[in-house]
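Chain by chain, the residues run as shown.
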Amino acid sequence: MTNDKGQITKMVESVVKNWQGEQVGETTFELRVAKEETASHIVHRALVRQLTNARQGNASTKTRSEVRGGGRKPWRQKGTGRARAGSIRSPLWRGGGVIFGPKPRDFNLKLNRKERRLALRTAFVSRIEDLIVVEEFSTELSRPKTKELVAALARWGVVPESKSLLILSEIADTDNVYLSARNIENLKLIAADQLNVFDLLHADKIVVTASALEKIQEVYSA
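This section reports on the structure supplied with the text. (Residues numbered from 1 in each chain as written. Predicted model: local features only at pLDDT ≥ 70, side-chain atom pairs only at ≥ 80, totals over all residues. Heavy atoms only, no water.)

Considerations on the sheet that holds strand β3 (residues 131-134)
Think of a sheet as strands paired side by side through backbone hydrogen bonds, with each pair either parallel or antiparallel.
And then number 1: Spatial strand order, β2-β1-β3-β6-β4-β5: 6 strands in an open sheet with mixed pairing. The open sheet has two edge strands with one neighbour each: β2 (23-34) and β5 (187-191). Ignoring which end each strand starts from, the neighbouring axes of this sheet average 25° apart.
And then number 2: Inspection of the sheet shows strand β1 (residues 7-17) paired to β2 by 11 bridges, in the antiparallel sense. Directly across from Val16, in β2, lies its bridge partner Gly25. (Pairing = 2+ DSSP bridges. Helix = DSSP H or I, 4+ residues; strand = E, 2+ residues; numbered from the N terminus. Axes fitted to C-alpha atoms, helices over the stretch in contact; angles between N-to-C directions.)

Right, here's the structure in full:
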């Protein structure tokens, strides 16, 4: 299905796995994504915006007018045999000012809300081949146990050495899933309403619970 806003509605089907890694059903979801001819452009713009806005921009150097001292001429203009000098804080001197050095600046780039959401949906759907949908498994972890979660990821098809992204409907600091996942190398845990383009593109495998998938459709469809 297409519309007149440069977007298409894409229906995606995926199998659902349980805690043991067995296929227990199928799920279907729809998201509006950018058309093929503009998809890479909008995702690239969103990625550049995210990486650029993450820059602090607080690098700073002092010019010759800001460096302390140097108000007096170090020696007279003529008769010493040395090159003429007006200040010990000249950029040519050790300890002097910096020519064209960095100053605090704002690197932020703007991208309107509709474009950001379109880029997120497009990036998410583009990773459908690496998407693993699983049943809600918080009840399977009666206590924090990293080893059990690592084993479950392996059953779902996530290679331990690969970078993986685990998307949950919500995350609490006291949740057993959070406590079990925080020590797993190359695994990033994220809430469904906190998606970002970089994490979606950076991960080798994306694991999402069925409830998180529903929340993604609810939050980002508008």
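What to know about the environment of Lys73
And then number 1: Within the fold, Lys73 resides in the loop between α1 (36-53) and α2 (113-126).
And then number 2: Residues Lys73 and Ile88, 15 residues apart in the sequence, show an inter-C-alpha distance of 7.7 Å.
And then number 3: With sequence-adjacent residues up to four places away left out, Lys73 is seen in contact with Ala85 and Gly86.
And then number 4: Of note is the side chain of Lys73, whose polar atom sits 2.8 Å from the side chain of Gln77. (Contact = heavy atoms within 4.5 Å. Polar contact = N/O pair within 3.5 Å; in protein donor to acceptor, adjacent residues only side chain to side chain.)

Looking at the layout of surface pockets
And then number 1: As a volume, the largest pocket reaches approximately 240 Å³.
And then number 2: Counting only elements with at least two residues in the lining of the largest pocket, the list comes to α1, α2 and α6 (210-220).
And then number 3: Classifying every residue of the lining of the largest pocket by side-chain character gives 6 nonpolar, 2 polar and 5 charged. (1 Å grid on protein atoms, 1.4 Å probe; cavity = no way out; pocket = protein on both sides within 12 Å on 5 of 7 lines; lining within 4 Å. Points joined across faces, edges and corners; volume = space filled by probe spheres on them. Nonpolar A, V, L, I, M, F, W, Y, C, P; charged D, E, K, R; others polar.)

So, unusual backbone geometry
And then number 1: The residue Phe100 is not glycine, and still its phi comes out positive at about 55°.
And then number 2: Looking at where Phe100 falls in the secondary structure, it is placed in the loop between α1 and α2.
And then number 3: Residue classification places Phe100 among the exposed positions, given a relative accessible area of 84%. (Buried < 20%, exposed > 50% of the residue type's maximum accessible area, 1.4 Å probe, protein only.)

With respect to the packing of aromatic side chains
And then number 1: Under the criterion given, the structure shown has 5 aromatic pairs.
And then number 2: Centroid distance Phe29 to Phe124: 6.0 Å. Interplanar angle 55°. Geometry classified as tilted. A residue pair is termed long-range when its members are at least 10 positions apart, and Phe29 in strand β2 and Phe124 in helix α2 qualify at 95 residues. A single burial state applies to Phe29 and to Phe124, both of which are buried.
And then number 3: Joined through ring pairs, the aromatic side chains of Trp19, Phe137 and Trp156 make up one cluster.
And then number 4: Seen from the ring of Phe107, Arg55 lies directly overhead, with NZ or CZ sitting 3.7 Å from the centre.
And then number 5: Above the face of the Trp19 ring, Arg155 is positioned so that its terminal group lies 5.5 Å from the ring centre. (Phe/Tyr/Trp six-rings, centres within 6.5 Å; stacked < 30°, edge-to-face > 60°. Lys NZ or Arg CZ within 6 Å of the ring centre and 35° of its normal.)

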